[in-house]
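Overview (structure and organization)
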Amino acid sequence: MKTNNVVLHLDHLQKSFGKFKALKNITFDVNKGEVFGFIGPNGAGKSTTIRTLLGILKRTAGKATIFGEDVWTHRVLIHKRIAYVPGDVYLWPNLTGGEIIDLFLKMNDNKHTQRTDDLIAKFDLDVTKKARTYSKGNRQKVALVAAFSTNADLYIFDEPTSGLDPLMEEIFQQEVLQLKKSGKSILLSSHILSEVERMCDRIGIIRDGEIIETGTLDDMRHLTRTQITVTTKESIDDLDQNPAVHNVSRSKQVSNKATFAVDSENIENIMQYLTTKGIVALQSTPPTLEDLFLRYYKQSSDQSGSEVSDHEK
Amino acid sequence: MKNNFDKTGFLTRFGIRRDSWSLITWIICLAGLMASVAFKFEGIYGTPSSISAIENTLKSPAMVALFGKFDIPAKQSADVFGTEMIVFMALMMVIMNIYFAIRGSRSEEDSGLTELLVSHSIGRMSNIMAISLELLFINIIVGMLFGLGIQFSGMPGVNANGAWLLGMVLAAVGLFFGMVALFSAQIADNSRNATTISYGIFGLFYILRMYTDLKRPSTTWFNPFGMIEKISAFHKNDWRPVIILVVLSFVVWLLVLFTSQHRDIGSGLIATRPGRAKAGFLLRGPISLIMKLHRTSMIVWTVGLFILGTTYGSIFNTISDILKTNPTMQTVFGKAAVNAANHQILLNFVAVITIVCVGLAAIPAIQVMNSLKGDQTKGYLENIFAKKVSRLHVFISYLITAIIAGELSFFASLMGLYVAGNAVLTHGKLDFQTYIHVFIAYSPAILTSVAMAAFLVGIWPKGTLISWAYVFYGIYSMYLGSLLKLPDWAKKFSAFGWANKVPVHAVNYGYFSVLMIIMAVLIIIGIWGYQRRDLS
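All values reported here derive from a predicted model rather than from experimental measurement. (Residues numbered from 1 in each chain as written. Chains lettered and ligands numbered in written order. Predicted model: local features only at pLDDT ≥ 70, side-chain atom pairs only at ≥ 80, totals over all residues. Heavy atoms only, no water.)

Structural notes on the interface of chain B and chain A
Chain B puts 40 residues into the contact, and the matching count from chain A is 38 residues. Each partner contributes to the roughly 3700 Å² buried at the junction of chain B and chain A, and carbon and sulfur atoms together form 57% of this total. It is Tyr 380, Glu 382 and Lys 388 of chain B that lose the most area in chain B upon contact with chain A, and together they represent 20% of the buried surface on that side. Counting the contacts that link chain B with chain A gives 4 salt bridges. When the shortest N-O distance is used, the salt bridge between Lys 292 of chain B and Glu 99 of chain A registers 3.2 Å. For the pair chain B and chain A, the number of links is 19 residue pairs in polar contact (both at pLDDT 80 or more). Taken together, the elements giving at least two residues each to the side of chain B that touches chain A come down to α12 (286-293), α17 (382-385) and α22 (509-532) of chain B. (Contact = heavy atoms within 4.5 Å. Buried area = accessible area lost by both parts, 1.4 Å probe. Salt bridge = Lys/Arg side-chain N within 4 Å of Asp/Glu carboxyl O. Polar contact = N/O pair within 3.5 Å; in protein donor to acceptor, adjacent residues only side chain to side chain. Helix = DSSP H or I, 4+ residues; strand = E, 2+ residues; numbered from the N terminus.)

Side note on the packing of aromatic side chains
Where two aromatic rings form a pair, the distance of their centres and the angle of their planes describe that pair. Scanning the entire structure with this criterion turns up 33 aromatic pairs over all chains. Between Phe 28 of chain A and Phe 36 of chain A the ring centres are 4.6 Å apart and the planes differ by 10 degrees, which places this aromatic pair in the stacked class. Classification of Phe 28 of chain A by relative accessible area gives buried; the value is 4%. Measuring from centroid to centroid gives 5.1 Å for Phe 202 of chain B and Phe 225 of chain B, while their planes differ by 80 degrees, and the two rings are edge-to-face. (Phe/Tyr/Trp six-rings, centres within 6.5 Å; stacked < 30°, edge-to-face > 60°. Buried < 20%, exposed > 50% of the residue type's maximum accessible area, 1.4 Å probe, protein only.)

Brief notes about the domain arrangement of chain B
Residue and element names in this part refer to chain B. Each domain of chain B was delimited in the assignment, giving domain 1 (1-114 + 127-269) and domain 2 (283-536). Computed from C-alpha coordinates alone, the two centres of domain 1 and domain 2 are separated by 25 Å. Listed by partner, the interface residues are 28 residues for domain 1 and 30 residues for domain 2. Where domain 1 touches domain 2, the interface holds 0 salt bridges. Taken together, the connections running from domain 1 to domain 2 amount to 0 residue pairs in polar contact (both at pLDDT 80 or more). For the side of domain 1 that touches domain 2, the per-class residue count stands at 21 nonpolar, 4 polar and 3 charged. (Domains from an automatic or database assignment. Nonpolar A, V, L, I, M, F, W, Y, C, P; charged D, E, K, R; others polar.)

Topic: helix α6 (residues 166-181) of chain A
Residues and elements named next belong to chain A. An ideal rise of 1.5 Å per residue puts 22 Å on 16 residues; α6 measures up with 23 Å between its terminal C-alpha atoms. Those residues of α6 that fall on the buried side of the exposure criterion are Met 168, Glu 169, Ile 171, Phe 172, Gln 173, Glu 175, Val 176 and Leu 179. On its buried face, α6 sits against β3 (35-39), α4 (114-122), α5 (136-148), β7 (154-158), β8 (185-190) and α7 (193-199). Directly after α6, the chain includes Gly 183, whose backbone phi takes a positive value near 80 degrees. (Expected span 1.5 Å × (residues − 1).)

Some thoughts on a nonpolar patch on the surface
Residues and elements named next belong to chain B. On the surface, Ile 459, Trp 460, Ile 466, Ile 517, Val 521, Ile 525 and Trp 528 cluster together into a nonpolar patch covering about 670 Å² of accessible area. With 4 residues, the single largest contributor to the nonpolar patch is α22. One can find Trp 460 in the loop between α19 (432-459) and α20 (465-479). The class of Trp 460 is partly exposed, set by a relative accessible area of 46%. (Patch = residues over 30% accessible without salt bridge, like charges linked within 9 Å, V, L, I, M, F, W, Y side chains within 5 Å. Areas by Shrake-Rupley, 256 points an atom, 1.4 Å probe, with all protein chains shown as cover.)

Observations regarding the domain arrangement of chain A
Structurally, chain A comprises domain 1 (6-217) and domain 2 (225-286). A separation of 43 Å is found between the C-alpha centroids of domain 1 of chain A and domain 2 of chain A.

Some thoughts on unusual backbone geometry
All names here are of chain A. A positive phi is found at Asp 124, a non-glycine position, where the angle reads about 55 degrees. Not every positive phi belongs to a glycine, and Glu 159 is a case in point at roughly 40 degrees. Topologically, Glu 159 is positioned in the loop between β7 and α6. When its relative accessible area of 16% is taken as the criterion, Glu 159 is described as buried.

Brief notes about the side chain of Thr 220 of chain B
Residues and elements named next belong to chain B. Structurally, Thr 220 is set in the loop between α10 (191-215) and α11 (240-261). Here the side chain of Thr 220 touches Pro 217 through a polar contact of 3.1 Å, landing on its backbone oxygen. For Thr 220, the residues in contact, after removing those within four places along its chain, are Arg 209, Thr 212, Asp 213, Gly 226, Met 227, Glu 229 and Lys 230.

So, the pairing of β7 of chain A
Residue and element names in this part refer to chain A. For β7, a buried count of 5 out of 5 residues is recorded, marking the element as mostly surrounded by other parts of the structure. Neither face of β7 is open: one carries Leu 154, Ile 156 and Asp 158, the other Tyr 155 and Phe 157, and all of them are buried. Bridging between β7 and β8 involves 5 bridges; their strand directions are parallel. Across the sheet, residue Leu 154 finds its bridge partner in β8, namely Ser 185. The β-α-β motif built from β7, the intervening α6 and the parallel element β8 has right-handed crossover chirality. (Pairing = 2+ DSSP bridges. Right-handed = clockwise from strand over helix to strand, strands pointing away.)

See below:
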């Protein structure tokens, strides 16, 4: 991992507000040209991490660099090469959206280009309105248009689509993928899982100020269970005996039809077992990010760790 | 009908709890100020000679301009108290009421809280009703504390009727301007404009009062702010101003109710116009941004202080005429006036008036500096701090704008004095150079106030109220200081007391340099702290 490809590097980052430890241990890297998804529930420390990365907050301990430079001491240098959209966008009420976009661009030596106009049209933003009349979604659009038309190397988005409608979300995703194609790095914090699932190469899960898992989505799928619905010729009543199988529910209408979850690493021996019973129909659903997410939430509330839950429908 | 006011009681209690700390601070400060002056008053103006001296002083145009015109005979301490304190305390009451009225109405709407509230089962008028009741509550409490404080002060000549009349007329005038502020909150569509409109209306009445007091005192009756001078406390005890003000407050309140039912939440009667689609050439970085944000307010303050200056300047001829025959003026202006020629007295007057001007000019300056904290709390700066703009750059931008806002409006007030004063004077005009000296001598008061604000924003942002306390103390100690015979050190506690009475004396560049050094140190520490702390 320690190559020149690392754009953002966090090592045991900690941040306390008085006695309250907001960040306990944040460790992850964002590599060049990748979209890194930063997910976690509200209050887990996503925004605090990002604001520390931007040098707005001063870290208590740990290491944090962007482009190899310290995020606190060299913040101005770093800021030349990044674009940022905060989670809650607040704008000066008596400036218009257009004025604010241009101001943001000028402050980083960028210009209002054709691309800016295209983005304004794409996001369907009325730039002549004063910011006080904007809804949350419109304020976010202002920040997004400014960020997307900024020429940066690292883009940081903090829950950027929380106020946008699905149509605009779609445009946002297109634009992010476009950036990725041109070799830019993106840090995307979100709790909208489908978004992260669609766009991110790697993800980091944060809970209570700690990164509890990082890796590709595929890496993490091993940690969860696959949902299987199967119909067999012979009876599969002894399915429950297998320790890798959980939450079995049998169909009342169709005999020998069952739905169950299986630990992903044991999928092979279950399939062998089912084959011996003669498979009539089989449907398998890979774990979604949602399952992953729920699994980690549940862990925190159960504290047992062994009792893993799956989504059931 | 009940439905319209549903949950009013709950909202009122909620509002009072929300404002509890500010309420307590204001109430203690105002009631404490009034009571402490009342208790001390016999010591200041207890003897017949000191009373007759101050009586003549109070009849001079300069004092009429500041404190109002009274026709009660000053025989006892209480008479002097009633005339000296009323206009100043009314000023404080108005400031307090505008503050709470805007905070409870338009600010709540700005932050979206009102929207959240009305989605619940509360009556259509409950919001307005709640803040109105809160204002009524504050004014009655403060008015009662005033009444009690004065009644039991033991001042010679005090009686219960007069004491309570004083308290209640101050409460009534406060309530009236509170309602005016509530009305402004319906007209404007953001709290800053609502505050500006409220102060604009108040300023108009204040200046009109000064003018009618000097020219035709009987017409002051038509002025809601001026009529408080007509109560004749401890003599005729005329309660009519109280009744009129309460009725007027009620009428304005009905207007507030009416307009509030005929507009959308979050908008005002004056709609916001669409603006430009692209930033102008000038809007390109922190300094130009902050200048643009405060442009309107800077213009309003500059024009306002220029008008105030011209109003004071326009009575220059009257001053030299009357002061010539009134040697007792020295109680207020110091010994310098004893051997005074007209010119000297005029210079003295300029020195006193300048205190008012410089105190007012410090207000926009501190407002700008403190908005660095406000803008950050509101999240406006979040994006700026992610740009390649250093914290130093942002800080300095606010600092420079603050200094310009203060110095510009101060300069405008002096120019008002210069232009209008020389227009009415037939001989012994004050030259431009004099005003430049005044400007140099009093500027440190503004600059140290800004530096104090910069220091606090940088080091201890929770304490930004202290910079306001500093300015209010400065104005108080100089506005009322001489009349209350405050000790010298109390006046020299703030930079306002170190101006060396320019233009009576020459500018003391020693004091000036020391104050500049203090200013620089405060600013440097502020910047040092700002570079190192969390911005949250």
